[in-house]
Structures are given as C-alpha cells and as structure tokens.
Amino acid sequence: MVEFVSGPLVWIAFVGFFGGLLYRFVTMAKLAKRERVVIPTLSAKYGLRSLAHWVLPFGGASTRKRPLFTLVSFAFHVCLIVTPLFVMGHTVLFQQAWGVRWWSLPDGVADVMTLIVIFGAVFFMVRRLVKPEVRNVSYPSDFVIALLVAAPFATGFIAAQQWLPYRTMIIIHAFTGALWLLAIPWTRLVHMLWFPFTRAYMGSEFGAVRHSRDW
Amino acid sequence: MADLEDMKVIDPGVDDNIAKLTPERIERTINRVLTEEAAARLQVYLDTCVHCGLCAESCQSYISRDKDPDFAPVAKVKDTLWEMVRREGKVDGEFLHNAARIAFLECGACRRCSMYCPFGIDISYMIMTVRRILNLLGVVPQYLQDTTNSHAATMNQMWVQQDDWIDTLMWQEEDARAELAGTRIPLDREGADIMYSVIGPEPKILAQLIANMAIIFKVVGADWTMPSTDGWDNSNMAMYSGDFETMGRVERLHWERAAELRVKRVVMGECGHAYRGAVYDGPRWLGWTKPPIPMVHAVEYYYEIIKSGRLKIARKIEEPVTVQDPCNIVRGRGLHDKLRYVVNAICSDFRDMEPHDEHNYCCQAGGGLINCGPPWKRSRMKSNRIKAEQIHDTGAHLVITPCHNCHSGIEDIIGFYKLGCHVSFISELLVKTIEMPEA
C-alpha cells in the first residue's frame, strides 16, 4: 500500500490535478471568446496593478478594515502552498523518484506552517458559523471543502509526530492529499486557478476603461 | 430576514406579468440566458465565489438595514442567480417576485462590492444577468418598463416628441439670452468641436439646465452644437431594465448622430448612468471596446475650463457644502479629484463625506432604482439610511450632485430623513458664481 500511495497515486493526483486545470482553462478560454469584449478588455498593466494590490497583505482598502481576517487568510494561503512543496518528507520523495533536489523546510518550521493551515481552516469554519452574513451563504459543501483542505495537513502532521501508527497515517495522508488535488479543478477550490484572471479582469475594467482603482 | 413590508409591495409590471407565465417559459428563458447569452464571465464567477461574505459590508443596503444578512451582495446573488442555476430554471412566481425585488430595487449595480471581493468578482454583472432574465420574462417594475418603452418608441427616455424637443431648445435659448446676450444653442452644426448631449428628463422637467450649459459654452467661447433629431438623448434605462437590444439601439443612434455631425468629442450633461451607457455598457453590447468618439462628462469639462482659466469664478458659495460622488463617474471614471477641484473652485466651505471617492456609497437611486417609481420608494429609503447619516455628519446645508439619479435620490433621502438640506447640480452653481463677460 505504501508503494501504491507513494507511486501510482501520486501520478494519478498530479495528472488529474494538472490535467483538470488545463482542461478547465482551455474550455474556459474558448467560452471567453464568445464574449466579444472580455479578451480585448484585459490589460497587462492594469491587471497586474490590481493583482499586486490584492496579493500583498493590506494592499486593498477592505483588507485593512479586517486585519485579523487578512492576516489569517494570507498566512493560511502562503502556508498552504509553500508547505507541501518544501516539507522534508516530500522533497525526499521527489529526489528518490525524479532525482531532483530542492531546498526543504526545517522540520520545526514545517510543523508551525502546517498548524497555521489547520488553524486557518478551523477559523474559516467557525467564522461561517458565527457571522450571520457568512452563515447565510454557507452550504454543507463549504464545510466539506474546508475539511478536505485541512485533512492532508492534519494527517501529515500526525504522521510526522508519530502519534498514531506511522504507516497507516501516511496512507491516509496520501489519499486525502490526492483527493484534495483532484478536487481543486472541480470545486470552488478552483479559485486558485481563476483568481488571477478575475482580479486582472476587474483591474483592467477599473483601470483601462473606468480610469479608477479597484482596491 | 428581509423586511416583510417590502416583500409585500405589489407592482403590476412584476406581479401581473408573473401571473401570465408558464413554468416551461420560465425554465426555457432562464436556461437560455445562462447557457447561450452568458459565457465565461458568469461561469468563472459562479465557480470562484467561495461564499466568504467579505462583500457584505461594502453595500449601503446591508449597512442601512442593520446588517441584515439578506442584503449582503452575495446573499442577493444566492437568492436569485444561484437558485436559478441550482434548480435549473425550475422556479415559481413567488421566487420571481422576490428576485425582481432584489435585482431591481436592492442593487444599484454600483460595483462597490467588487472592490471588497478579494477576487474582484463583478457581482453587479450577476445581478444584471438576473435583470436580463426577468426582462425576457416580461417581469420588470412598471415605471421602469415605461421608460424603456419610451426609449424603444421615441429613442428618448421621456416620450419627448420631435417638435417638443426643438421648441424646448428654442425656449431655453431665449431664457439664456436674457441672462447673457448673444447666447445660442446651435443645432446640427457639422464639424463643431463639441456635440452636447443630455438625458431625456432635461427637456422634460429640468430644461433650465440646458440654458445653464448654453451660457457656460458662450462664456468660454466653445464651438458646440446639439442634434435637432433623435440621438440627442444619452440616457439609457433599457440598460437597467435588461432590454439590451433597445439599449444597443439607443447607444448606436447617439454615436451615429455624433459621427454625422463630425464633432471632435461629445460633452454630456451631469448624469452618471448615461456616461456608463455611452462609454461602457452600450459599446460593450455593440462589440466595441470603447466609444468611437471621445466622451467627456460635464465634471471633466468644467474642470478643463476652470483649470485653464477660460471660465473665471467671480464669487464663491459660502454655505457649507458636501458632494455626492456619483458611482458611474467615480468608480466608473475616476473623476473624484476633478470633481473636488471644481467644487472647491466655486465653494468656500466644502466638507467631504466619509467614505468618499471610489469608496463612496451609492445613492440607492441610480442603477434604475428610482425609475421603479413610487411603489418602491419607502423600501429604497430604508436601504440608504447610511447616506442620510453621511450627509448629516458633514453638517453641510447643500449637497452637490453632478448626476440626475443622485440628485433625485439625495433629494428623496433629505425629505425622508428630514435633513433640512437642499441639492444642486454644478451648472446651477456655476451660473451664479462665474464671471460673465460685459454685454
């Protein structure tokens, strides 16, 4: 089983993840051509200007009004992307499989970053329950998605700490991780793919067409 | 929970027409718009929204209604478009009544929420898609539909007939000449620098604004003209009722008239939605990325002539004033700094509202809201208490509104909340304050 999860399953997850994203991108690009003004409106200058304001913490006026949410959200997303790419357990596997070596995070740092992701997911779920304007638009799927994102981090953390049988945890960890990657193109997690485009489009409209700022 | 009093408002344009619909027609129409008219933008926006609710506090109706979650922008989309998608168009009359109330009355398409959504999702575009569906079902508030009918039949918003139009211009020319000798309203002068266009309500109910502009043009020695025939009206309520075919006809004619007159640019009166229709929504529907001839909003023009010294201010308004930033020329054109330059040039005690500039709150009248008429006025007022508080906090006696919808909307708010202020267009203040040449 461990051979399966560290071999074929990784391939299934990666092919499904990148293939899914590519499929979504190509079909959406075709659909975008049907709207005669979408592509001509996109402007690199204004699109990037808007993106720059929104990928930096507190770059948007509304993010400054909610400092706690902004901090948690940025920390969550940074750790979510960086940790799986650079945690020692993964870099070793990449090296064994493909012979590529890259920099890896010290264990203690990776632990903290993992906990930040788990904390962030819990924070988002609690927020969904306690804030009326968020609860009103929350569906069961929103909680499932948050759990799906937190699951590989929680299982990976438990495995690393060896609190439970290591091999079992690693297998669960690999399955939840694969499920997470495979879900991205087909759930609201696809905001990972669309975010730069929606933001750049709104930035282009505000900047190039409307001569104003969208942050 | 939305206010029950507002939920019960009866509008023949909405309720009588819903009664005529069949479930098949509802389903077919919704699915046609969702799959054939809308494309990538709608799909991406539906996919990307993570239901975070961060847009809530951007909206004046949510704030004004004590943070009622049903008035958050995302909730307005949830209760309309998301449900239409989820139920694959199988929705009933009660649902459509509520969808019409939300789409036509509780969202002014001001786009403030797009500045609060981290993804920049164009929530007002989704609400406009709902309006489009309702329009194709014939479910549009009666008063708003009447203005659209007028556009379709007369190519102006207020059923102004050809002879009335020319007669009004001649009457205004006469009035303007009483103020400043030699003032003219030149009609159909080919090759003039400027074509001046106005919205339908100006000749109908606010004709003196045309005389004001004629005086300003005379003072600065502008080479200008107005069209004598259809195409003079730059307003576009069809854009807001979801009748995009009529919107396209109105915009095309306006630009064709300007092209026929071979003018270098079009200067338009103090109106926000007309700017949006002519520069943005109209061209977009017609498949143009921008208008064929440059369009200059009155605020931009005033700035240009005051800054360059062509228009000299002889005296200043001394009472405390504030200014309503019209969404469609601030978030829609970034004219807030120029607006403040003009206001400061003619007023000695200017006080800004908080927040202002691109972060202003909508007047809850634009976006076709005020055009839905008296049945909905109370609900409209309740949804903009925050604007009354903003105005009150400035201590101003005069609210300057360089937009017709803002002008009427703020006037309503002042009356409803008993603020005791008055409202004014900039041109009304300019004719009182500028240095007139010796006759």
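As a convention, each chain's residues are numbered from 1 in the sequence order in which they are written. Ligands are numbered from 1 and chains lettered from A, in the order in which they are written. Side-chain atom pairs in this predicted model are given and counted only at pLDDT of 80 or more, local residue features only at pLDDT of at least 70, and totals for whole chains, interfaces and linings cover all residues.

Enquirer: How would you explain the overall build of chain B if you had to name every residue and give the values?
Expert: If you tally the helices and strands in chain B, you get 22 helices and 7 strands. Every radius of gyration here is taken over C-alpha atoms, with the globule rule written as 2.2 Å times N^0.38, N being the number of residues. Whereas a compact globule of 439 residues would reach a radius of gyration of roughly 22 Å, chain B reaches 22 Å, a difference of no more than 12%. Overall, chain B is about 70 × 45 × 35 Å in size when its C-alpha atoms are taken along their principal axes. For chain B, restricting intrachain contacts to residue pairs at least 6 apart in sequence, the fraction spanning at least 24 positions comes to 82%. Secondary structure counts use DSSP, requiring at least four H or I residues in a row for a helix and at least two E residues in a row for a strand, with both numbered from the N terminus. Note on contacts: each residue gets a C-beta atom placed from the backbone, and two residues are in contact if those atoms are within 7 Å.

Enquirer: Describe the overall build of chain A, and please don't skip the residues or the numbers.
Expert: Looking only at helices and strands, chain A features 12 helices and 0 strands. Mapped from its N terminus to its C terminus, chain A presents α and β elements in the order α-α-α-α-α-α-α-α-α-α-α-α. Each principal axis of the C-alpha atoms in chain A carries an extent, and together these give about 60 × 40 × 35 Å. Sequence separation of at least 24 residues holds for 65% of the intrachain contacts in chain A that already meet a minimum separation of 6.

Enquirer: So what's going on with the interface of chain B and chain A? Residues and values would help.
Expert: Taken together, the contact between chain B and chain A spans 40 residues of the former and 40 residues of the latter. Of all the secondary-structure elements, those providing two or more residues to the side of chain B that touches chain A are helix 4 (40-48), helix 6 (73-86) and helix 15 (273-286) of chain B. We call Asp, Glu, Lys and Arg charged. Ala, Val, Leu, Ile, Met, Phe, Trp, Tyr, Cys and Pro are nonpolar, and the rest, Gly among them, are polar. Considering only residue class, the side of chain B that touches chain A consists of 18 nonpolar, 12 polar and 10 charged.

Enquirer: Residues and numbers for the sheet that holds strand 4 (residues 295-297) of chain B, please.
Expert: Residue and element names in this part refer to chain B. A pair of strands is labelled paired if DSSP reports no fewer than 2 bridges between them. Sheet architecture is open: 4 strands sit in the order 2-1-3-4, paired in parallel fashion. The open sheet has two edge strands with one neighbour each: strand 2 (224-225) and strand 4. Inspection of the sheet shows strand 1 (residues 194-197) paired to strand 2 by 2 bridges, in the parallel sense. Among the inter-strand pairings, Ile194 is bridged to a residue of strand 2, identified as Trp224. An axis is simply a line fitted to the C-alpha atoms; with a helix, the fit covers only the stretch in contact. Between two such axes, the angle follows the N-to-C directions and lies from 0 to 180 degrees. Those strands touched by helix 16 (residues 298-307) are strand 3 (265-268) and strand 4, and its axis lies near 80° from that of strand 4.

Enquirer: Go over the confidence of the model for chain B, please, and point to the residues and values.
Expert: Considering every residue of chain B, the mean pLDDT works out to 95; 99% of them sit at 70 or more. Scoring of the predicted complex yields 0.95 for pTM and 0.94 for ipTM. A score from 0 to 100, pLDDT tells how confident the predictor is in each residue.

Enquirer: Please provide a residue-by-residue account of the packing of helix 6 of chain B against helix 8 (residues 123-136) of chain B, values included.
Expert: Residue and element names in this part refer to chain B. Look at helix 6 against helix 8: their axes get within 10 Å of each other, and the N-to-C directions meet at 30°. Classified by the angle their axes make, helix 6 and helix 8 are roughly parallel. Seen from above, helix 6 lies across helix 8 with left-handed handedness. Of the residues in helix 8, those in contact with Pro73, Lys76, Val77, Thr80 and Leu81 of helix 6 are Ile123, Met126, Ile127, Thr129 and Val130. For the contact of helix 6 with helix 8, the per-class residue count stands at 7 nonpolar, 2 polar and 1 charged. An angle below 35 degrees is treated as roughly parallel, one above 145 as roughly antiparallel, one from 65 to 115 as roughly perpendicular, and anything else as oblique. Less than a right angle of anticlockwise turn of the near helix away from the far helix marks a crossing as left-handed, whereas a clockwise turn marks it as right-handed.

Enquirer: Which residues make up the sheet that holds strand 6 (residues 398-400) of chain B, and what values go with them?
Expert: Residues and elements named next belong to chain B. Read across the sheet, 3 strands follow the order 5-6-7 without closing on themselves; strand pairing throughout is parallel. Since the sheet does not close on itself, it has two edges, and those belong to strand 5 (321-323) and strand 7 (422-424), each with one partner. Here the average twist between neighbouring strands, direction ignored, is 30°.

Enquirer: Explain helix 22 (residues 426-433) of chain B to me, and be specific about the residues and the numbers.
Expert: Any residue whose C-beta has 12 or fewer other C-beta atoms within 10 Å is treated as exposed, any with 20 or more as buried, and any in between as partly exposed, C-beta atoms being built from the backbone. Turning to helix 22 of chain B, its buried residues are Ile426, Ser427, Leu429, Leu430 and Val431 of chain B. For helix 22 of chain B, the elements touching its buried residues are helix 12 (208-220), helix 16, helix 18 (336-346), strand 6 and strand 7 of chain B.

Enquirer: Could you give me a rundown of the nonpolar core, with the residues and numbers involved?
Expert: Residues and elements named next belong to chain B. We define a nonpolar core as a collection of buried residues of the types Ala, Val, Leu, Ile, Met, Phe, Trp, Tyr and Cys that are connected via C-beta atoms lying within 7 Å of each other. Counting residues in hydrophobic clusters, the biggest one holds 180 residues, and the most contacted among them are Leu134 and Tyr302. At 9 residues, helix 12 tops the list of elements feeding residues into this core. Other than its neighbours up to four places away in sequence, Tyr302 contacts Val342, Ile426 and Leu430.

Enquirer: An account of the packing of helix 16 of chain B against helix 18 of chain B is requested, with residue identities and associated values reported.
Expert: Residue and element names in this part refer to chain B. Packing of helix 16 against helix 18 brings their axes to within 9 Å, and their N-to-C directions diverge by 55°. As judged from the angle between their axes, helix 16 and helix 18 are oblique. For the pair helix 16 and helix 18, the crossing hand works out as left-handed. Residues Val299, Glu300, Tyr302, Tyr303, Ile306 and Lys307 of helix 16 pack against Lys338, Leu339, Tyr341, Val342 and Ala345 of helix 18. By residue class, the composition of the contact of helix 16 with helix 18 is 8 nonpolar, no polar and 3 charged.

Enquirer: Tell me about unusual backbone geometry, and name the residues and values.
Expert: Note the cis peptide between Glu354 of chain B and Pro355 of chain B, where omega equals -10°. Positionally, Pro355 of chain B belongs in the loop between helix 18 and helix 19 (377-382). A positive phi angle, near 65°, is found at Phe58 of chain A, a position not held by glycine. For Phe58 of chain A, the position within the fold is in the loop between helix 4 (44-55) and helix 5 (61-65). For Gln162 of chain A, which is not glycine, the phi torsion reads 55° and is therefore positive. Tracing the sequence through the fold places Gln162 of chain A in the loop between helix 10 (140-161) and helix 11 (166-183).

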